[in-house]
Amino acid sequence: MKNPIVRKVEHVSVSRFYEKYRDALELQLLNSPLGMSRYILQPSINRPGLALTGYFGYFAHERIQVFGAAEMAYLNSLQGEERRERLQRIFRENIPCLIFARGMDVPADVLAMADSNTVSVFRTNMLTMNFVNRATVILENEFADSTTMHACMVDVRGVGVLITGKGGVGKSEISLGLVERGSSLVADDMVRIRNIGGELIASAPALSSGFIEIRGIGIINVTNLFGLKAYRREKKIDLVINLTDGQMSELERLGLERKMMSILGVEVERLNLPVAPGRDMTRLVEVAALGQYLRESGYDMAGEFNRRLHREIRQRSMPTTED
């Protein structure tokens, strides 16, 4: 399997952040749009309370700056030259933008200073912590390393299964069979994968979202055929099943040896499953997914059998006493 190309995001423009998420974050631009060309360099939020007190030793200027009730109360306590100096110092740190939470009125001197430094100022009606939490999740998604793999992704009873293998091996047909049995399709043929906080989140490109291609039939809309539950927009990858045409004798018989593969620096379990005439591949993938669920829940079927086997061997090897 070829190493996929990794896409890294170094920055997100303020204009992209605003245009894409202004409804979700209830953002309103309050001043000149000239600051929209600035860049957000870190996927976190900073509340500049310490900066307002005059301490800039660890000022996270690469982040969005958010004023909540506490920051606003302290700012209003500052007067004259001290107030101007503190604000001007914050703007000189080359911050991406300012956002005032709780629908607060923004002082005129802040807006004037922001315009002179070409920094965009926004207001949101959201509570400060609600905004910070939601914006942080959004930024983590925007900054996440991503790649695209030729595979299928299915949610099998809550277990995210990435199905890989050579072209024509039957990935789409197996995915369709799983959907018929109650699973949810995430992506067919091309799967977009992002590393979000150490978890691999899979989704489909916008164009093919909700569709699956079956050779000899064509394009199928899974929600039209099987209902809304047949499609899921994204899912964490819990297991990779690689379909092979290898010999059955070459594979692990008991399932004791767990093989891993690295995607975007995250280790995920991989199972090689041979495709052969007469094998019910859909059922086998489903069973493998359920087995993964049991292991994550603390029960290892192969491990239990191995313990029974060793216990039986020990009992048989013990010397017997004769009457």
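Preceding this paragraph is the structure being described.
Just so it is clear, the structure is predicted and the values come from calculations on it, not from any experiment.

### Some remarks on unusual backbone geometry
Of note, Thr118 is a non-glycine position whose phi angle comes to about 50°, a positive value. Even without glycine at this site, Arg157 takes up a positive phi of about 50°. Topologically, Arg157 is positioned in the loop between strand E9 (152–156) and strand E10 (159–165).

### Brief notes about the pairing of strand E17 (residues 239–244)
Burial of E17 is extensive: six of the six residues sit out of reach of the surface. With burial as the criterion, each face of E17 is covered, one bearing Leu239, Ile241 and Leu243 and the other bearing Val240, Asn242 and Thr244. Relative to E17, E10 runs parallel, the two being bridged by five bridges. Within E17, the position partnered with Val161 by the bridge is Leu239. Sheet topology places E17 next to strand E19 (residues 266–274); five bridges connect them, and they run parallel. When the sheet's bridge partners are listed, Leu243 is paired in E19 with Leu273.

### Re the packing of helix H4 (residues 80–92) against helix H5 (residues 108–116)
Axis separation between H4 and H5 bottoms out at 10 Å; the angle between their running directions is 40°. Viewed along their axes, H4 and H5 adopt a mutual orientation that is oblique. When you trace H4 past H5, the crossing you get is right-handed. Contact residues: H4 offers Arg83, Arg84, Leu87, Gln88 and Phe91, while H5 offers Asp109, Val110, Met113 and Ala114. Here the contact of H4 with H5 is built from residues that sort into five nonpolar, one polar and three charged.

### Considering helix H6 (residues 128–143)
Here H6 is 16 residues long and its end C-alpha atoms lie 22 Å apart, about the 22 Å a rise of 1.5 Å per residue gives. Listed as buried for H6 are Thr128, Phe131, Val132, Ala135, Ile138, Leu139, Glu142 and Phe143. The buried residues of H6 occupy an angular sector of 135° when projected down its axis, which confines them to one face.

### Overview of the environment of Val161
Turning to its location among the elements, Val161 is positioned in strand E10. Judged by its relative accessible area of 0%, Val161 is buried. In this view, Val161 contacts Cys152, Met153, Val154, Val156, Leu239, Ile241, Val285 and Ala289; residues no more than four positions away in its chain are not counted.

Definitions and limits used
- Residues numbered from 1 in each chain as written.
- Predicted model: local features only at pLDDT ≥ 70, side-chain atom pairs only at ≥ 80, totals over all residues.
- Heavy atoms only, no water.
- Helix = DSSP H or I, 4+ residues; strand = E, 2+ residues; numbered from the N terminus.
- Buried < 20%, exposed > 50% of the residue type's maximum accessible area, 1.4 Å probe, protein only.
- Pairing = 2+ DSSP bridges.
- Axes fitted to C-alpha atoms, helices over the stretch in contact; angles between N-to-C directions.
- Parallel < 35°, antiparallel > 145°, perpendicular 65-115°, else oblique.
- Left-handed = near helix turned anticlockwise from the far one by under 90°.
- Contact = heavy atoms within 4.5 Å.
- Nonpolar A, V, L, I, M, F, W, Y, C, P; charged D, E, K, R; others polar.
- Expected span 1.5 Å × (residues − 1).
- Arc of directions from axis to C-beta.

Everything listed here is a matter of coordinates, which is why it stays silent on function.
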